[in-house]
Amino acid sequence: MRDTDLYRQLLGLEKPWTVDRVELDVKKQRVDVWAKHDKPKSWTCPTCEKSAGLHDHDEERAWRHLDSCGFQTFLHARIPRVHCPEHGVRQVRVSWAETKARFTALFERFAIDVMLETSISGAGSILKLSWDEAHHIMERAVARGLMRRPNTVPKQLGVDEKSLAKGQRYATMLCDLEHGHVIDLAEGRSKDSLMHCLGKFSFNDLADVESIAMDMWEPYALVFRALIENADEKIVFERFHIVAHMNAAVDQVRRRENKELRLDGDDRLVGSKHLWLYGGGLPADRYDLSARVAFVELRESNLRTSRAWALKESLRALWSQRSRAAGERWWQRWYSWAVRSQLAPIKKVAAMVKRHLPNVLTYFKHRITNAGSEAINSVVQMLKKRAFGYRNFENFRTVVLFRCGRLDLYPTSHLKAG
Ligand SMILES: [Zn+2]
């Protein structure tokens, strides 16, 4: 087989395209392939698909293709331009790449797969791409996916504020809890941030929303109340956020008590911050047997911190009540315990939950939590750690949507993969 035939087949070129010549540069470890076309029956306009006359040829361009035998491989061609009576002078579509792409569709497909498994820089080093080139492929993939995503509103929405790095920078993340993916994210945690995430949906679309899991955050609640009828029956103030508020309160109690104890030379609470985050069971991989025994001893002791912890842990039981009525009764008991606890941070959270109680108890109707998006959260957490490498928020958004947007990322092409 001649090398031109070989490459025509490897590249999957179809009529009228064939390979004109192939050049191999062993020193540079590079293969360059030039494609040419015969005279076809007719060219078609890329916009209306109607047949159109040849106008001229664009300048020669190159597309990076999948390596051949470890050599970087580039396809070169001059793409014809047609003159369509309706759309004017247009470049014809080619089978190997999307319009304006710098890579063949098969290469982009492969790069997307590699990036899904690794990271931008990981893919960069495997595929010998610069960070910008790899990121550009990712951006195109996300733009493609967002364009293709059907514009239907999920029945179950989750909205979450994420702190990005230290220093009060936030992102608002809107999720589809039914299918477990990120709809969109925007900088900040204001009304506008959420409006931005809801961007694609119309007022009519939003009427289909059945439930919304969120934190007790007024700006978000305000947006939903404005845009969705009977929003208050649909908004569920998230239990994980409430428990997080309680965890913060327990820690405030602990810090204060620790200071007092240390004045008396008692350092029982030193370094115990993370222990109090858990319920009964400490994670097996992080705590040995003596740490377990020590924690039980602390819990059973007469410390204010252990009382705060017990209140926090018992609050979790609210969400395992059978019905709204049972939940409400349970809440009353817990609340009277909390207000008599003499622990100011706990009382503060108790009062906050009480103010928002109707939207906490909507849980018993919808039974939703953002826990369904736990998989999303863990990925976002991981991505956040690398956030410094993203240079700006838009890059971070691209990476999150790439991984967690459940998007159809691949370029269309007439070439068959594999
Ligand atoms: Zn046309």
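In what follows, the accompanying structure is described. (Residues numbered from 1 in each chain as written. Predicted model: local features only at pLDDT ≥ 70, side-chain atom pairs only at ≥ 80, totals over all residues. Heavy atoms only, no water.)

When its secondary structure is counted, the protein shows 17 helices and 13 strands. For the protein, the C-alpha radius of gyration of 29 Å lies well beyond 22 Å, the compact-globule estimate for 418 residues. Dimensions along the principal axes, computed over C-alpha positions, put the protein at roughly 90 × 55 × 35 Å. Scored against the burial criterion, the 418 residues of the protein give a buried share of 48%. (Helix = DSSP H or I, 4+ residues; strand = E, 2+ residues; numbered from the N terminus. Rg over C-alpha atoms; globule rule 2.2 N^0.38 Å. Buried < 20%, exposed > 50% of the residue type's maximum accessible area, 1.4 Å probe, protein only.)

Another aspect to go through is the pairing of strand β10 (residues 170–176). Here β10 lies mainly inside the structure; 7 of its 7 residues are buried. Of the two faces of β10, the one carrying Tyr170, Thr172, Leu174 and Asp176 and the one carrying Ala171, Met173 and Cys175 are both buried. Where strand β9 (residues 156–163) and β10 come together, 7 bridges link them in antiparallel fashion. Looking across to β10, one finds that Leu157 is bridged to Asp176. Of the strand pairs in this sheet, β10 and strand β11 (residues 181–187) are connected by 6 bridges, and their pairing is antiparallel. By the bridge assignment, Met173 is partnered in β11 with Leu185. The loop that links β10 with its antiparallel partner β11 comprises 4 residues; one of these, Gly180, has a positive phi angle of about 70°. (Pairing = 2+ DSSP bridges.)

Our focus in this paragraph is the packing of aromatic side chains. In total, this model carries 11 aromatic pairs according to the counting rule given. With a centroid separation of 5.2 Å and an interplanar angle of 15°, the aromatic rings of Phe103 and Phe107 are classed as stacked. Here Phe107 falls in the buried class, since its relative accessible area comes to 2%. Each residue in the set Trp17, Trp63 and Trp96 is aromatic and connected to the rest through ring pairs, giving one cluster. One Lys or Arg, Arg21, reaches over the ring of Trp34 and ends 3.9 Å from the middle of that ring. (Phe/Tyr/Trp six-rings, centres within 6.5 Å; stacked < 30°, edge-to-face > 60°. Lys NZ or Arg CZ within 6 Å of the ring centre and 35° of its normal.)

A separate point is the coordination of the zinc ion. Here the zinc ion is held by the protein donor atoms Cys45 (SG), Cys48 (SG), Cys84 (SG) and His87 (ND1), which lie 2.1 to 2.3 Å from it. Mapping the donors of the zinc ion onto the primary sequence yields the spacing C-x2-C-x35-C-x2-H. Of this pair, Cys48 sits in the loop between β3 (43–44) and β4 (51–57) while His87 sits in the loop between β7 (80–84) and β8 (88–91); the two residues are 39 residues apart in sequence, bridging distant segments of the chain. (Donors = N, O, S within 2.8 Å, 3.2 Å for Na, K, Ca; no water.)

Now for the packing of helix α4 (residues 131–148) against helix α17 (residues 393–404). It is at 9 Å that the axes of α4 and α17 come closest, and there the two elements cross at 60°. Classified by the angle between their axes, α4 and α17 sit oblique to one another. Between α4 and α17 lies a crossing whose hand is left-handed. Taking contact as the criterion, the partners of Trp131, His135, Met138, Glu139, Ala141, Val142 and Leu146 in α4 are, on α17, Asn395, Arg397, Thr398, Val399, Leu401 and Phe402. Here the residues of the contact of α4 with α17 sort into 8 nonpolar, 3 polar and 2 charged. (Axes fitted to C-alpha atoms, helices over the stretch in contact; angles between N-to-C directions. Parallel < 35°, antiparallel > 145°, perpendicular 65-115°, else oblique. Left-handed = near helix turned anticlockwise from the far one by under 90°. Contact = heavy atoms within 4.5 Å. Nonpolar A, V, L, I, M, F, W, Y, C, P; charged D, E, K, R; others polar.)

This next bit is on the nonpolar core. With 98 residues, the main nonpolar core has Val182, Ile212, Met214, Phe224, Leu315, Trp334 and Ile346 as its most contacted residues. Ignoring anything within four residues of it in the chain, the contact list for Trp334 reads Met246, Leu311, Ser314, Leu315 and Ala350. Among the nonpolar cores identified, the runner-up in size contains 24 residues, and Val22, Ala35, Trp43 and Ala97 belong to it. (Core = buried A, V, L, I, M, F, W, Y, C linked by side-chain atoms within 4.5 Å.)

Moving on, we come to unusual backbone geometry. Between Lys15 and Pro16 the backbone carries a cis peptide bond, its omega angle lying at 5°. As for its position among the elements, Pro16 is in the loop between α1 (3–11) and β1 (17–25). Look at Gln29: it is not a glycine, yet its phi comes out positive at around 50°. With respect to the helices, strands and loops of the structure, Gln29 is situated in the loop between β1 and β2 (30–37). The partly exposed category is assigned to Gln29, whose relative accessible area is 45%. With a phi close to 50°, Arg367 is a non-glycine residue in the positive phi region. Residue placement: Arg367 occurs in the loop between α15 (363–366) and α16 (374–385).

It is worth stressing that arrangement in space is one thing and function is another; only the former is reported here.
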